[in-house]
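A closer look at the structure
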Amino acid sequence: MKFRRTAFLAAGVLLITGCTTGQQSAQNRDGQSGFVSGTGNVSVFAKADRKPAPVLSGDTLDGKKWTLSDQLGKVVVLNVWGSWCPPCRQEAPDFVKAAEELGTSVQFVGLNTRDLDPAPARRFQQEFKVPYPSVYDPSGKALLRFRGQISPNAIPTTLVIDKDGKVAARAIAPITKDTLLGMVKDAG
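Overview of the structure. Residue indices follow the written sequence of each chain, beginning from 1 at its first position. Local features in this predicted model are restricted to residues of pLDDT 70 or higher, and side-chain atom pairs are both shown and tallied only at a pLDDT of 80 or more, whereas totals for entire chains, interfaces and linings draw on every residue. Side-chain calculation: all heavy atoms of the structure are included, whereas hydrogens and water are not.

1. What about the pairing of strand β6 (residues 106–113)?
What counts here: With a 1.4 Å probe rolled over the protein chains alone, any residue whose accessible area is under 20% of its type maximum counts as buried; one over 50% counts as exposed, and the rest are partly exposed. For the purposes of this entry, the term helix denotes a DSSP run of H or I that reaches at least four residues, the term strand denotes a run of E that reaches at least two, and both are numbered from the N terminus. For two strands to be treated as a pair, DSSP must find no fewer than two bridges joining them. Seen with its strands pointing away from the viewer, a crossover is right-handed if its path from the first strand over the helix to the second goes clockwise.
Counting buried residues along β6, eight of its eight residues qualify, which places the element largely inside the surrounding structure. Of the two faces of β6, the one lined by V106, F108, G110 and N112 and the one lined by Q107, V109, L111 and T113 are each fully buried. Looking at chain direction, strand β5 (residues 75–81) and β6 are connected through seven bridges and run parallel. Residue pairing across strands places V75 opposite V106, the latter belonging to β6. Remark: the β5/helix α3 (residues 86–102)/β6 crossover connection has right-handed handedness. As defined by bridge partners, β6 adjoins strand β7 (residues 134–137) across four bridges and the pair is classed as parallel.

2. Topic: the packing of α3 against helix α6 (residues 177–187)
Inclusion rule: Think of each axis as a best-fit line through the C-alpha atoms, taken over the contacting stretch in the case of a helix, with angles from 0 to 180 degrees between the N-to-C directions. Each angle receives one of four descriptions, namely roughly parallel if under 35 degrees, roughly antiparallel if over 145, roughly perpendicular if within 65 to 115, and oblique otherwise. For any pair of crossing helices, the crossing counts as left-handed if the nearer helix is rotated counterclockwise from the farther one by less than a right angle, and right-handed if it is rotated clockwise. Only heavy atoms enter the contact rule, under which two residues are in contact if any of them lie within 4.5 Å. Note on residue categories: nonpolar means Ala, Val, Leu, Ile, Met, Phe, Trp, Tyr, Cys or Pro, charged means Asp, Glu, Lys or Arg, and polar means any other residue, Gly included.
Close contact between α3 and α6 brings their axes to 8 Å; oriented N to C, the two are set at 45°. Considering their axes alone, α3 and α6 lie oblique with respect to each other. The chirality of how α3 crosses α6 is right-handed. On the side of α3, the interface is formed by D94, F95, K97, A98, E101 and L102, while α6 contributes K177, L180, L181 and V184. Class assignment of the residues belonging to the contact of α3 with α6 gives a composition of six nonpolar, no polar and four charged.

This is how it looks when you write it as structure tokens:
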């Protein structure tokens, strides 16, 4: 019985720390340079200070290959999410609306992490009618390539990658459609 209670508490702590509001991450950025603006959870990087996005490729939840390098010349919105993450569920309708509003001028892609079984992630996409692909990354290997740009504990996180393949903006928290549209506009 004691083991069961300890396991339950440990799982609760992991769930809480695995999803973040971004407040702690925002507070830990003091002294960093290269920010044009920031709201505490959203940072926009000056063109001269943008760092290249790492290589991202993999199979999507629907079994197709997806590669970030194939998107050069387009602005890309990369949203890191998990079906287990309440803030991800909170922001999903806004991402769907933004993707529909921006159409083909911007490539949206999800990076699904820590869903060890793809079925809950697929249900998430069906429930919210997500119109764009998500790279399936159950182990977090693809997420680790973004070290320094995305904290593995800061889920959800959104990156806007400019047409040159560089990170133009980052949000470390669930965001609204209007915030996302502003991040995309600033990436231009």
